[in-house]
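Notes for the structure review
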Amino acid sequence: MGESIIDFDLDVFPAVACVPACPDELRPYVGKKFHSLDEGIAFYEAYGRETGFDVRKRGIKSTRDVVTWQYLVCNREGLKVGIEMDEMHAQEGFITKRRRTSKRCECRARISLKYVFEAGFLGYVVQEFVEVHNHSMIELPFRRYMHINRRLGEVHRRFIWDCTKANIGPTMTFKFLNEFLGGYDTVGITVAELRNYVQGLKTYVEGSDAQMLLDEMARKKKACPDFTYHYQLGSSKELKALFWCDAISKRNYQLYGDVVSFDSTYNTNRYCMIFSPFTGKDNHGKPVTFGAALLSNETTESYSWLFKHFLESMGQAPKMIVTDQDRGMRAAIRDVLVDTKHRWCMWHIMLKLTDKIPRRCLENEELKKEISACVWSEVLEPEEFEDSWMGIMERYELLHVEWFVTMFDDREMWVPAYFRDFPMGSLIRTTSVSESENSFYKTFTRPRSNLVEFIMNFDHALAAQRNSSSKLDYMDSTIIPPFSSQLVLEKHAATKYTDHMFKRVQREIVDALHHCSTDGLLKDDVLEISTIKDKYSKSWVVTYTTSEDSYSCSCKLFGREGILCSHIFLVFKNRFLKVIPDKYFHVRWLKTALADAIRGPARCLTDPELLSDPNQQSKNKVADIFFSYMKKFDADSAIIDLFSAGIDELGKSLMTRIHEPSSGDKDKPVKDFYFAEKPAVVRVQPPSVVSTKGSKSDSKSRLVSAKEKAIKLNNKPLRQCKKCGEFGHHDSRNCGRQKGK
């Protein structure tokens, strides 16, 4: 419908008098009555939405908490403050002040609603209505940008909550929402409004997130007594350190906690607290989390506090812990985990090799190969390693290079040769399992997350990890793996081991059948000694003790990794064994169902968080029914309208059965997001933003290694030198100096 336009002049803005055209039933008039203020406001907004102008609340008058007058105006009412200053700044090109536009043009269109109680009517009546605008109405294609056409409804909130919990940022959330709701015309909000809403979620817990985090820990402890948490406060009652683990983590530790990898990571929360998970390998060879901590610093005292509570929660210390060369960790492990073997990450040490060898050896690939072969070998005995190492040092004149001397002095901390006799000594040689787990957790967290968001994201990550493990358990219970032979031993192994470990054992069986041979056999009443030659023509000795019915091999694979080697499998074949003796099935590699039968399932399985939520299942069913009918009605808008009206009517009839909470609590949607209210009393303050090694990774004060400098230089584009004409990383000013190096 059109609109009537009459020319007239204003003092400031030459404009037009515009009378919006609309159906009579949508047009307000003096004397029109409404039963509530919200009804009156909604009616005027609907009028503006239909005709093409935005509505703004201008003010109210109230008596004893009752609104007696409500004033609504066109949002172009009034004038922008500081028009004279804008003229001056515009002449200067807005150098000193940001350019800001305005929609206001002194439009006088308005409506006023008065509270009345007369002739048996209690409500609001239109006391004044000015329908003439001094500007044209917004054209139909642009009305989606009007404020009254943008509303953050329940669909938007739920969608934003789910995306935020899934660590999806506002921009990508808007793209998903835009697609879900049918495009920009119908999405109902802008990216800026969505981003502001997300920021509002964060602002709600400002200053209270540490207290809310501890309250959540206490709730979990109440729901499951086996949940454990410990925290430490600073001098100002700020959170300084926190450690936590649940019943499932403790059970996993009992199964797989013989060897633990410990490594810290950064940039997971807004306070830069150091995230420090304890990680191991489960029966599928995948990372498993035993517990986690947030620390404010990396001192010996912090690590000692953490290891003390880890040991207290788990009941026993790990047999071995793998870390980097951090001095604070080393001192804390020595003081607290006194019976635990401490091992350094080999990868971190070997990464420094390029920086530590003399420049004359930088391009000597043979040196690097020899050192790697010597260091990484798991078949060398300590004496063999020492002879090999010293031979390399002598050949390449490295005997007096300080770093090599230091690493050789500390060889028992990192070289595999010194872990050959340690149980499961080859299970974790580097902190790569921790690095992998830290990377995994970072896909669920954001550097600007508050502590409540962090723990929510951590729980989601932990649930994802356990779901992956559960799926592998399911696969183990249903799949039948392909076999490489008709050997009954192989089929027996498949019934015991997880599929991941069976593939590893299967390779040993294949090597036994096709690449190993018996090179000698000695027997007496007590021992049967077999000499086995492998595919590399290296000989190994397998000893069978008749009195104990036990087997051992000089390669020590069973002790190092918990599986039998190809050499023992060949002896099994020669002795016509049909099944693998039970003593050679390490419990950590058994299928989960078998391990549970031995160790028992996790306690506290009645924890509501570990069970399916019936309420959520019912909601999923409703959503499935709704979308299935929407798909059927998709082509007929009239049917969709009837369907919508039917749902609305059903909902209103069911509202009589439930108690609807008060709508006056504007913070309720935010409380629903966090599943907790902001505490009335904050006893624990948020931590101060801490300074860590990780937070300075991009600082100019950080020492940059020669390798990093070389990588950075290699990534720079080449340029042509005007002096020599060559392309490189020099110019005419330093040509001779650079080329002479």
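In what follows, the structure referred to is the one given above.
Let us look at the structure shown here. (Residues numbered from 1 in each chain as written. Predicted model: local features only at pLDDT ≥ 70, side-chain atom pairs only at ≥ 80, totals over all residues. Heavy atoms only, no water.)

**Regarding the overall build of the protein**
- When helices and strands are counted, the protein shows 26 helices and 20 strands.
- Scaling as 2.2 N^0.38, a compact globule of 741 residues should have a C-alpha radius of gyration of about 27 Å, whereas the protein reaches 36 Å, well beyond that.
- Each principal axis of the C-alpha distribution contributes one length, and for the protein these read about 115 × 80 × 55 Å.
- Each of the 741 residues in the protein was classed as buried or not, and the buried ones make up 43%.
- Contacts spanning at least 24 positions in sequence make up 62% of the contacts within the protein whose residues lie at least 6 apart.
- Accessible area of the protein: about 41,800 Å², with a carbon and sulfur share of 53%.
- Positive and negative charge centroids in the protein, built from 108 and 100 side chains respectively, lie 3 Å apart. (Helix = DSSP H or I, 4+ residues; strand = E, 2+ residues; numbered from the N terminus. Rg over C-alpha atoms; globule rule 2.2 N^0.38 Å. Buried < 20%, exposed > 50% of the residue type's maximum accessible area, 1.4 Å probe, protein only. Contact = heavy atoms within 4.5 Å. Areas by Shrake-Rupley, 256 points an atom, 1.4 Å probe, with all protein chains shown as cover. Lys, Arg positive; Asp, Glu negative; His and termini not counted. Charge placed at Lys NZ, Arg CZ, Asp CG, Glu CD.)

**Things to note about the side chain of Glu-508**
- By the element assignment, Glu-508 lies in helix H18 (residues 499-514).
- Non-local contacts of Glu-508, meaning those with residues more than four positions away in its chain, are made with Leu-557, Leu-564, Cys-565, Ser-566 and Phe-569.

**Quick notes on helix H8 (residues 300-314)**
- Taking 1.5 Å per residue as the helical rise, H8 with its 15 residues ought to reach 21 Å, and the 21 Å between its terminal C-alpha atoms agrees with that figure.
- Within H8, burial applies to Ser-302, Tyr-303, Ser-304, Trp-305, Leu-306, Phe-307, His-309, Phe-310, Ser-313 and Met-314.
- Just downstream of H8, Gly-315 is the residue with a positive phi angle, here 90 degrees. (Expected span 1.5 Å × (residues − 1).)

**Quick look at the pairing of strand S11 (residues 274-281)**
- Judged by how many residues are buried, S11 sits mostly within the fold: seven of eight residues are covered.
- Taken together, the two bridges between strand S10 (residues 259-262) and S11 define a ladder with antiparallel strand orientation. Within the sheet, the bridge partner assigned to Ser-261 lies in S11 and is Thr-279.
- Alignment of S11 against strand S12 (residues 287-295), held across eight bridges, turns out to be antiparallel. Considered in S12, the bridge of Ser-276 is made with Ala-293.
- Between S11 and S12, which follow one another and run antiparallel, lie five residues, and Gly-285 among them has a positive phi close to 75 degrees. (Pairing = 2+ DSSP bridges.)

**Brief notes about the nonpolar core**
- Residues Phe-385, Trp-389, Phe-404, Trp-414 and Ile-580 are the most contacted members of the largest nonpolar core, which totals 69 residues.
- Here Trp-389 is in contact with Cys-374, Val-375, Phe-404, Phe-408 and Trp-414, once residues within four sequence places are set aside.
- Membership of the second largest hydrophobic core comes to 27 residues, among which are Val-260, Phe-278, Ile-321 and Met-329. (Core = buried A, V, L, I, M, F, W, Y, C linked by side-chain atoms within 4.5 Å.)

**Focus: the pairing of strand S13 (residues 320-323)**
- Across the two faces of S13 the burial is the same, with Met-320 and Val-322 and Ile-321 and Thr-323 all buried.
- The sheet contact formed by S10 and S13 spans three bridges and is parallel. The residue of S13 that forms the bridge with Val-260 is Ile-321.
- Assessed by its sense of winding, the connection that carries the chain from S13 through helix H9 (residues 327-336) to strand S14 (residues 341-344) is right-handed. (Right-handed = clockwise from strand over helix to strand, strands pointing away.)

**Re the packing of helix H3 (residues 154-165) against helix H5 (residues 191-204)**
- Viewed as axis vectors pointing N to C, H3 and H5 meet at an angle of 65 degrees, and their least axial separation amounts to 11 Å. When the axes of H3 and H5 are compared, the pair comes out roughly perpendicular. Note on packing geometry: the crossing formed by H3 with H5 is right-handed. Packed against H3, whose contacting residues are Arg-157, Ile-160, Trp-161 and Thr-164, the element H5 presents Leu-194, Tyr-197, Val-198 and Leu-201 at the interface. (Axes fitted to C-alpha atoms, helices over the stretch in contact; angles between N-to-C directions. Parallel < 35°, antiparallel > 145°, perpendicular 65-115°, else oblique. Left-handed = near helix turned anticlockwise from the far one by under 90°.)

**A closer look at the environment of Glu-383**
- Tracing the backbone through its elements, the reader meets Glu-383 in helix H13 (residues 382-395).
- A residue is classified by how much of its surface remains accessible, and Glu-383, at 52% relative accessible area, is exposed.
- In the structure, Glu-383 is positioned 35 residues away from Tyr-418 in sequence and 9.6 Å away in space, judged by C-alpha atoms.

**With respect to unusual backbone geometry**
- The residue Asp-65 is not glycine, and still its phi comes out positive at about 65 degrees.
- Take Asp-65: it is sitting in the loop between strand S4 (55-63) and strand S5 (66-74).
- Located in the positive-phi region is Lys-237, a residue other than glycine, with phi close to 65 degrees.
- Looking at where Lys-237 falls in the secondary structure, it is placed in the loop between strand S8 (228-233) and strand S9 (239-245).

**Brief notes about the sheet that holds S5**
- Pairing is antiparallel in the open sheet, where five strands are placed in the order S3-S7-S6-S5-S4. This sheet does not close on itself; its edge strands, each paired only once, are strand S3 (33-34) and S4.
- Here strand S6 (residues 110-118) pairs with strand S7 (residues 121-130) via nine bridges, running antiparallel. Counterpart to Ile-111 in the pairing with S7 is Phe-129.

**Points about the pattern of salt bridges**
- Enumeration over the complete set of coordinates arrives at 27 salt bridges.
- Arg-27 serves as the salt-bridge partner of Glu-131, at 2.8 Å between the closest nitrogen and oxygen. Of this pair, Glu-131 sits in the loop between S7 and H3 while Arg-27 sits in the loop between strand S2 (15-19) and S3; the two residues are 104 residues apart in sequence, bridging distant segments of the chain.
- Put simply, Arg-411 and Glu-386 hold a salt bridge, and the shortest N to O gap is 3.3 Å. Within this pair, whereas Arg-411 is found in the loop between helix H14 (402-409) and helix H15 (432-442), its partner Glu-386 is found in helix H13, the two being separated by 25 residues in sequence.
- Here the residues in one salt-bridge network are Glu-381, Arg-420, Asp-421 and Lys-556, joined through shared partners. (Salt bridge = Lys/Arg side-chain N within 4 Å of Asp/Glu carboxyl O.)

**Examining the sheet that holds S10**
- Pairing in this open sheet of seven strands is mixed, and the strands run S8-S9-S12-S11-S10-S13-S14 from one edge to the other. Looking along the sheet, the strands with just one partner apiece sit at the ends: S8 and S14. Across the sheet, the mean angle separating the axes of adjacent strands is 20 degrees when strand polarity is ignored.
- Where S9 meets S12, four bridges bridge the pair, whose relative direction is antiparallel. Counted as the bridge partner of Trp-244 is Ala-292 from S12.
- The strands that helix H7 (residues 247-256) touches are S8, S9, S10, S11 and S12; relative to S12, the one it contacts most, it runs at about 125 degrees.

**Here we look at the packing of aromatic side chains**
- Summed over all chains, the structure comprises 47 aromatic pairs.
- Each ring, one from Phe-227 and one from Tyr-229, has its centre 6.4 Å from the other, and the planes form 40 degrees; the classification is tilted.
- Aromatic rings pair up to connect Phe-243, Tyr-253, Phe-262, Phe-278, Phe-290, Tyr-303, Phe-307 and Phe-310 into one cluster.
- The ring of Phe-483 is capped by Lys-491, whose NZ or CZ atom sits 5.1 Å from the centre of that ring.
- Seen from the ring of Tyr-629, Lys-632 lies directly overhead, with NZ or CZ sitting 5.0 Å from the centre. (Phe/Tyr/Trp six-rings, centres within 6.5 Å; stacked < 30°, edge-to-face > 60°. Lys NZ or Arg CZ within 6 Å of the ring centre and 35° of its normal.)

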